[in-house]
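Spelled out from the first residue to the last, the chains are:
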Amino acid sequence: MSGNTEYAKQNEKLLELFRTVPERAFRQLFDTYYMPLCVYTVQLTDSFDMAEDVVQEVLAYFWEKKYYNRVTGSLRGYLFYAVRNAALLALKKNNLVSMEELSGMKIDIPDEYPDREELYERERQLMADLEKLPRQEVLAVKAVILESKKYKEAAEELQISVNTLKTHLSRALGKLRKNHNLMIFFY
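This structure is a prediction, so every number in the text was calculated from the model and none was measured.

### Some points on unusual backbone geometry
Phase 1: For Lys 66, which is not glycine, the phi dihedral falls at a positive 55°.
Phase 2: Topologically, Lys 66 is positioned in the loop between α3 (48–64) and α4 (75–93).
Phase 3: Phi at Gln 159 takes a positive value of approximately 55°, unusual for a residue other than glycine.
Phase 4: Residue position: Gln 159 is located in the loop between α8 (151–158) and α9 (162–177).
Phase 5: With a relative accessible area of 73%, Gln 159 lands in the exposed category.

So this is what it looks like as structure tokens:
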């Protein structure tokens, strides 16, 4: 079975779960998409804090307005486009980017789920590049993204403040995204 087929079936099941047990479905949606959406949004905003705010707002709006009842196509596509639009609006609202810059901005949403061999090769290269970063940045990425630790927990482990942790994480993701499509790593 191809990765795209698996992904489509996963989304179908999730949308069906929204019809029967919406709270459980939302938790699963959050667990599945939160970090990939944040990483994608960092590519647009250059700020992990802003990316988190945007993603949280989109997911909250999705839940509160029951948009899960309106999604007829790809749930994944819907979420990525919603987050992209919200990120661009946040950049404009905060005067961080002009309309001219927005019109030329191109951040692609991957349209295909990679095959296992491609995923393995990209992960191997990403891990090699990750190890070239400063130690604190590597530790921040490993704790928050690879081990899914909460900021407070990761910061305590690393004996740094939460803000310092976020700074390390943002810097690391900024450096890594120059050489990688980071989304592929988080599937």
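### Structural notes on helix α7 (residues 135–146)
Phase 1: Looking at α7, one finds that the buried residues are Glu 137, Val 138, Ala 140, Val 141, Ala 143, Val 144 and Ile 145.
Phase 2: Just past α7, the residue Ser 148 takes up positive phi, approximately 55°.

### A word on the packing of α7 against α8
Phase 1: The N-to-C vectors of α7 and α8 enclose an angle of 140°; their axes lie 10 Å apart at closest approach. Judged by the inter-axis angle, α7 sits oblique to α8. Considering how the two elements wind past one another, α7 and α8 form a crossing that is right-handed. The residues of α8 that touch α7, namely those facing Gln 136, Leu 139, Ala 140, Ala 143 and Val 144, are Tyr 151, Ala 154 and Leu 158.
Phase 2: Within the contact of α7 with α8, the residues separate by chemical class into seven nonpolar, one polar and no charged.

### Here's the deal with the packing of aromatic side chains
Any pair of aromatic rings gets described here by the distance separating the centres and the angle formed by the planes.
Phase 1: What the rule picks out here adds up to ten aromatic pairs.
Phase 2: Three or more aromatic residues link up through ring pairs in this structure, and these residues are Phe 18, Phe 26, Tyr 61, Phe 62, Trp 63, Tyr 67, Tyr 68 and Tyr 78.
Phase 3: Sitting over the face of the ring of Tyr 67, Arg 70 holds its NZ or CZ atom 4.4 Å from the ring centroid.

About the cut-offs
- Residues numbered from 1 in each chain as written.
- Predicted model: local features only at pLDDT ≥ 70, side-chain atom pairs only at ≥ 80, totals over all residues.
- Heavy atoms only, no water.
- Helix = DSSP H or I, 4+ residues; strand = E, 2+ residues; numbered from the N terminus.
- Buried < 20%, exposed > 50% of the residue type's maximum accessible area, 1.4 Å probe, protein only.
- Axes fitted to C-alpha atoms, helices over the stretch in contact; angles between N-to-C directions.
- Parallel < 35°, antiparallel > 145°, perpendicular 65-115°, else oblique.
- Left-handed = near helix turned anticlockwise from the far one by under 90°.
- Contact = heavy atoms within 4.5 Å.
- Nonpolar A, V, L, I, M, F, W, Y, C, P; charged D, E, K, R; others polar.
- Phe/Tyr/Trp six-rings, centres within 6.5 Å; stacked < 30°, edge-to-face > 60°.
- Lys NZ or Arg CZ within 6 Å of the ring centre and 35° of its normal.

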